[in-house]
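Fold and contact review
Below are the chains, spelled out letter by letter.
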Amino acid sequence: MYDYLLHQEINSALLKFRIGKEEDDLSFYSRLIANGSTIQSLYHELYKQHPRAGTQFNLLIDTLAAAHKIRKPALKKTDVAKAEKGHWFLSNEITGMSLYVDQFCGSLSNLGDKLSYFDKLGVNFLHLMPLFESPAGESDGGYAVSDFRKINDRFGTLEDLIALQQKMNTAGMYLMTDFVMNHTSRLQEWAIKAKEGDPHYQEYFYMYDDRTMPDIFEQTMPDIFPETAPGSFTYVPECDKWVMTVFHNYQWDLNFSNPAVFVEMLNIILFYANLGMDVLRIDAPAFIWKEPGTTCQNLPKAHTLLRLLKQCVQVVSPGMALLGEAIVAPKEIMYYFGTGNYTAKECDFAYNATQMALQWDALATGDTRVMLAAQHELLKKPYGSSWITYTRCHDDIGLGYDDYMIQQASFNPYQHRKFLKDFYSGNTPGSTATGALFSVNPKTQDARISGTLASLCGLEKAISNNDEAAINTAINRIILMQACSFFIGGLPMLFYGDEVGYTNDYSYLSNPAKNYDNRWMHRPVIDWNKNNNIEMEGSSEQRIFKATQQLISLRKRLSMVADLSNLTWLTPYNIHVAGFLRQKEDQRLFCFFNFKNEVAFVDWQAVKEKGNPPIVLYDHWNQQEHLVGRDREFLIIEPYSFSLLEAK
Ligand code: GLC
């Protein structure tokens with residue numbers, strides 16, 4: 001609807017920033033007009049009652065215009081190219097890797113020299129773990145940012161990042177970094193000013209004179225790191241106040257109910273957009289809105305805030321997609337893709353943390369029933385949005401799926417989770433895994449799991465026992481886990497080191513800035529001598545690397561694997577096997593993954609029930625053709641192996 005005052009504000013911003021009649025200015029103008037009233041109404045939902053709502057709204061519009069004005073022509077061109085492709089990020093041709101620049105190769109400039117390594121593997125998307133300044137002794141792996149615009153000296157400079165982005169862009173690669181939205185380091189400028197007593201900046205945080213509000217909040221807020229950082233508030237002696245610190249005590253939660261905080265953070269997002277990020281990972285979005293009497297997670301206004309951000313980003317940098325790092329229950333995660341009029345208009349991506357954990361579940365039990373019981377929720381993901389699929393990342397593995405899913409598979413939820421935690425922390429006789437429990441909650445006995453892909457799959461134990469057969473089995477497990485996450489739909493994100501089977505790295509134990517957090521065991525320091533073993537015939541590095549490379553290249557060739565809401569689960573004739581169909585027009589790929597350490601027999605009936613029964617299937621993984629058998633004849637899958645069968 002036409003709104004005179006809104007359009008006056010837009011016009012004055014256009015004049016102020018001399019946005020004229022160039023083609024890209026006109027596109028910006030169209031986008032601003034198209035999204036303007038939605039931006040305004042989302043903003044009002046959050047801030048209508050705030051005394052400074054009006055002035056901050058004007059500042060918001062100015063922020064959009066200013067960011068457009070300085071966006072480089074090359075980036076504006078990329079925006080257009082991506083828009084012409086439609087949902088560019090749903091493509092089956094993108095495969096990512098997440099890495100710590102320092103642990104991987106030292107610095108941003110060295111990373112520029114490693115592009116041929118990614119090219120060899122087939123990775124064309126990099127997630128660089130937090131790059132911006134973060135105090136060495138209290139950084140939470142970079143997730144406690146003390147300067148949102150300055151690259152951590154350890155990695156290099158902003159110029160190095162820009163040079164890397166340009167090099168990657170020329171090589172056809174995509175780039176993602178983190179936007180740590182929920183909190184700042186206690187050593188960040190606003191936090192320092194708040195500590196010094198500046199009331200303007202104290203309003204940027206949840207700061208209280210006494211324990212009244214903290215006590216009320218803490219009644220309903222769960223602990224995130226119960227062992228190392230219990231409680232959600234920290235006393236600040238410098239100003240004699242309590243500040244909200246949901247994560248560690250050095251991470252101060254930003255108060256987004258203050259519109260000035262929103263505008264400041266919008267400015268930072270657009271700064272990242274103008275550095276050329278293709279995707280921005282919004283860290284911990286489930287936590288960005290707080291209300292007493294709630295868990296302060298997944299609140300409706302957190303979604304309003306994300307929608308508002310999405311609308312603003314679309315105006316200035318329409319080519320940049322947003323990934324919401326919400327690691328929440330299967331039902332909750334869907335809301336991050338948007339609902340109602342905002343369906344597929346909130347976060348473009350979310351992590352499929354449920355599927356990731358369910359693969360670990362199936363690997364431990366050899367049974368895929370819990371995985372199946374969750375799929376009805378995961379299939380609700382709307383067209384136009386996508387998953388990040390993965391087996392491991394820098395964080396722990398949480399078993400956050402619902403109890404009823406476990407019950408449906410005839411297990412007792414408490415016993416089942418206990419079994420999984422014991423199995424992966426190596427506390428069960430016969431367990432092949434080497435991992436550890438992370439963040440054990442003494443009150444609830446809840447815990448998550450740390451460990452690398454290879455160690456959790458049994459490679460660490462197999463190597464130390466010098467057991468060739470166990471090494472083979474572990475490698476098969478690793479490849480099975482990767483394959484399932486590569487073909488289930490979404491952008492596969494490898495975690496660095498997993499492509500060559502790094503086992504746990506225990507050097508963190510001697511570093512006081514890290515030894516309280518066992519997630520560091522699965523964040524290895526890369527030894528390039530080890531990685532060079534990919535050239536050594538028969539080495540485990542080579543076997544894992546080659547298989548990963550082959551999976552990536554297969555995925556790029558099979559366009560029905562693009563995430564087009566085209567996943568159908570097959571009837572589970574064999575509970576040890578996860579079977580699904582990926583389909584695009586008349587191209588069909590039947591995928592079967594055997595999670596059991598025994599040969600599996602799958603009734604051919606499974607492939608005959610979805611559309612025209614195929615007669616011949618070509619297995620792209622095993623490079624073998626199959627004539628589809630009669631009912632009660634079987635497709636045979638080796639232990640911890642899989643088949644990727646295209647209907648001919
Ligand atoms: C996210 C990060 C995690 C970090 C937390 C707090 O969940 O992935 O590593 O500890 O946010 O910033």
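Residues numbered from 1 in each chain as written. Predicted model: local features only at pLDDT ≥ 70, side-chain atom pairs only at ≥ 80, totals over all residues. Heavy atoms only, no water.

A few points about the overall build of the chain
In plain terms, the rule: Note on conventions: DSSP H or I runs of at least 4 residues are helices, E runs of at least 2 residues are strands, and numbering of each starts at the N terminus. Restricting the calculation to C-alpha atoms gives the radius of gyration, and the globule rule supplies 2.2 Å times the number of residues raised to the power 0.38. Any residue under 20% of the maximum accessible area for its type is buried, any over 50% is exposed, and the rest in between are partly exposed; the area is computed with a 1.4 Å probe on protein chains only. When checking whether two residues touch, look at their non-hydrogen atoms; a contact exists if any pair is within 4.5 Å. To measure how exposed things are, a 1.4 Å probe is used in the Shrake-Rupley method; for residues, cover is taken only from the protein chains shown. Counted charges follow a simple rule, with Lys and Arg positive, Asp and Glu negative, and His plus the chain ends left uncounted. One atom stands in for each charge, and that atom is NZ of Lys, CZ of Arg, CG of Asp or CD of Glu.
Counting secondary structure elements, the chain contains 24 helices and 25 strands. Relative to the 2.2 N^0.38 estimate, which gives 26 Å for 648 residues, the radius of gyration of the chain is 25 Å and therefore close to what a compact globule would have. Burial statistics for the chain: of 648 residues in total, 61% are counted as buried. Sequence-distant contacts in the chain: of pairs separated by 6 or more residues, those separated by 24 or more amount to 72%. Put simply, the chain shows about 24,900 Å² of open surface, and 51% of that area lies on carbon and sulfur atoms. Of note, the chain has its 60 positive side-chain charges centred 4 Å away from the centre of its 75 negative side-chain charges.

Considering the side chain of H303
Under the convention used in this document: Whenever two N or O atoms come within 3.5 Å, that pair is a polar contact, provided that in protein one can donate a hydrogen and the other can accept it, and provided that, for residues adjacent in sequence, both atoms are side-chain atoms.
Structurally, H303 can be placed in helix α13 (residues 300-316). Among the polar contacts made by the side chain of H303, one reaches the side chain of E346 at a distance of 2.7 Å. Look past the residues within four positions of H303 in its chain and what remains in contact with it is N298, Y335, Y336 and E346.

Quick notes on the sheet that holds strand β8 (residues 233-236)
Defined as follows: By definition, two strands form a pair when at least two bridges between them are found by DSSP.
Strand order in the open sheet made by the 3 strands is β7-β9-β8, with antiparallel pairing throughout. On the outer flanks of this sheet lie β7 (207-208) and β8, each paired with one strand and no other. Note: β8 against strand β9 (residues 241-244), 4 bridges, orientation antiparallel. Within β9, the residue paired with F233 across the bridge is M244.

With respect to the pattern of salt bridges
The condition that has to hold: For salt bridges, the criterion is a side-chain nitrogen of Lys or Arg within 4 Å of an Asp or Glu carboxyl oxygen.
Applying the stated rule across the entire model yields 35 salt bridges. Across the salt bridge formed by K16 and D62, the nearest N and O atoms sit 2.7 Å from each other. Taken together, the residues K16 in helix α1 (residues 4-16) and D62 in helix α3 (residues 53-70) connect sequence positions 46 residues apart. A salt bridge links R281 to D283; the nearest nitrogen and oxygen atoms lie 3.0 Å apart. For R281, a relative accessible area of 1% translates into the label buried.

So, the sheet that holds strand β12 (residues 321-325)
We apply this condition: Angles here are taken between N-to-C directions and fall from 0 to 180 degrees, while the axes themselves are lines fitted to C-alpha atoms, restricted in helices to the stretch in contact.
Sheet architecture is closed into a barrel: 8 strands sit in the order β1-β2-β5-β11-β12-β13-β14-β17, paired in parallel fashion. Averaged over all neighbouring strand pairs, the angle between strand axes comes to 25°, with direction disregarded. As paired strands, β12 and strand β13 (residues 349-351) are joined by 2 bridges and run parallel to one another. In the strand pairing of β13, G324 is matched with A350.

Here's the deal with the site of the ligand
What counts is decided by this rule: Being near a molecule or strand, for a residue, comes down to having at least one heavy atom within 4 Å of it. Under this grouping Gly is polar, as are all residues other than the nonpolar Ala, Val, Leu, Ile, Met, Phe, Trp, Tyr, Cys and Pro and the charged Asp, Glu, Lys and Arg.
Around the ligand, the structure places D140, Y143, H183, F225, F247, Q251, R281, D283, E325, H394, D395 and R519. The contact in question runs from an oxygen atom of the ligand to an N or O atom on the side chain of D140, over 2.7 Å. Look at the ligand: alone it shows 310 Å² of surface, and the protein chains cover 95% of it. Within the shell around the ligand, the residues separate by chemical class into 3 nonpolar, 3 polar and 6 charged.

Points about a nonpolar patch on the surface
Note the following rule: Surface patches are drawn from residues lacking salt bridges whose relative accessible area is over 30%; two like charges belong together within 9 Å, two nonpolar side chains (Val, Leu, Ile, Met, Phe, Trp, Tyr) within 5 Å.
Together, V599, F601, F634 and I636 make up an exposed nonpolar region whose accessible area comes to about 360 Å². Tracing the sequence through the fold places F601 in strand β21 (residues 600-603). A relative accessible area of 44% places F601 in the partly exposed class.

Details of the domain arrangement of the chain
Buried accessible area, meaning the area lost when the parts come together, often serves as the stated size of an interface. Put simply, the rule reads: Domain extents, as shown, originate in an automatic or database domain assignment. What gets called buried area is simply the loss in accessible area from a 1.4 Å probe that two parts show on being joined, summed for both.
Each domain of the chain was delimited in the assignment, giving domain 1 (183-253), domain 2 (352-388 + 395-538) and domain 3 (566-647). Here the C-alpha centre of domain 3 lies 25 Å away from the C-alpha centre of domain 2. The partner domain 3 presents 21 residues to the 22 residues of domain 2 that form the contact. Roughly 1,900 Å² of surface becomes buried between domain 2 and domain 3 when both sides are summed, with 76% attributable to carbon and sulfur atoms. Of all residues in domain 2, T368, L480 and F487 give up the largest surface area on contact with domain 3, accounting jointly for 30% of the area buried on that side. At the junction of domain 2 with domain 3, the criterion picks out 5 residue pairs in polar contact (both at pLDDT 80 or more).

Considerations on the nonpolar core
Rule in force here: For our purposes a nonpolar core is just a set of buried Ala, Val, Leu, Ile, Met, Phe, Trp, Tyr and Cys residues, chained together by side-chain atoms within 4.5 Å.
Membership of the largest hydrophobic core comes to 212 residues, with the highest contact counts inside it found for F118, L126, L128, F256, F487 and F593. Of the residues forming this core, the biggest block, 12 residues, is contributed by helix α12 (residues 259-273). For F118, the contacting residues outside a window of four places in its chain are M97, L99, F104, L111, V123, L126 and M173. Of all hydrophobic cores here, the second largest spans 16 residues; its members include V577, L581, L617 and L645.

Considering the packing of aromatic side chains
What counts here: Paired rings are identified among Phe, Tyr and Trp, the last through its six-membered ring, by centres lying within 6.5 Å, and are further divided according to the angle between planes into stacked (under 30 degrees), edge-to-face (over 60) and tilted (the rest). Lysine NZ or arginine CZ positioned within 6 Å of the ring centre and within 35 degrees of the ring normal marks a charge as sitting over the ring.
Taken as a whole and judged by the stated rule, the model has 41 aromatic pairs. Residues F104 and W528 carry aromatic rings whose centres are separated by 5.2 Å and whose planes lie at 85° to one another, so their mutual orientation is edge-to-face. Of this pair, F104 sits in helix α5 (residues 101-105) while W528 is found in helix α22 (residues 528-531), placing the two residues 424 residues apart along the sequence. Judged on exposure class, the residue F104 and its partner W528 are both buried. Here the aromatic rings of F217 and F233 are separated by 5.8 Å at their centres, their planes lie at 40°, and the arrangement is tilted. Taken together, the positions of F217 in helix α11 (residues 212-220) and F233 in strand β8 put the pair 16 residues apart, joining distant regions of the chain. An identical accessibility class is assigned to F217 and F233; each is buried. Taken together, the ring pairs in this structure connect Y100, F104, Y117, F118, F495, Y496, W520, W528 and F545 into an aromatic cluster. Lying across the ring of W88, K82 places its NZ or CZ 4.4 Å from the centre.

Things to note about unusual backbone geometry
The backbone of R18 sits at a positive phi, close to 50°, despite the residue not being glycine. Along the chain, R18 falls in the loop between α1 and α2 (23-47). Positive phi, normally seen in glycine, also occurs at S565, with a value near 55°. Looking at where S565 falls in the secondary structure, it is placed in the loop between α23 (540-557) and β18 (567-569).

Side note on the side chain of N35
When you line up the elements, N35 lands in helix α2. At a separation of 3.1 Å, a polar atom in the side chain of N35 contacts the side chain of Q311. The residues touching N35, leaving out its near neighbours within four places in the chain, are Q311, Q314 and V315.

Some thoughts on the environment of L254
Along the polypeptide, L254 turns up in the loop between β10 (251-253) and α12. Separated by 34 residues in sequence, L254 and I288 place their C-alpha atoms 7.7 Å apart. In contact with L254, not counting residues within four places along its chain, are M181, N182, H183, T184, W190, Y204, F205, Y206, V261 and M265.

Concerning the pairing of strand β23 (residues 624-627)
In this structure, strand β22 (residues 616-619) lies alongside β23, joined through 4 bridges in antiparallel fashion. Pairing of V616 across the sheet is with L627, part of β23. Counting the residues in the hairpin turn of β22 and β23 gives 4 residues, including Q623, whose phi is positive at 50°.

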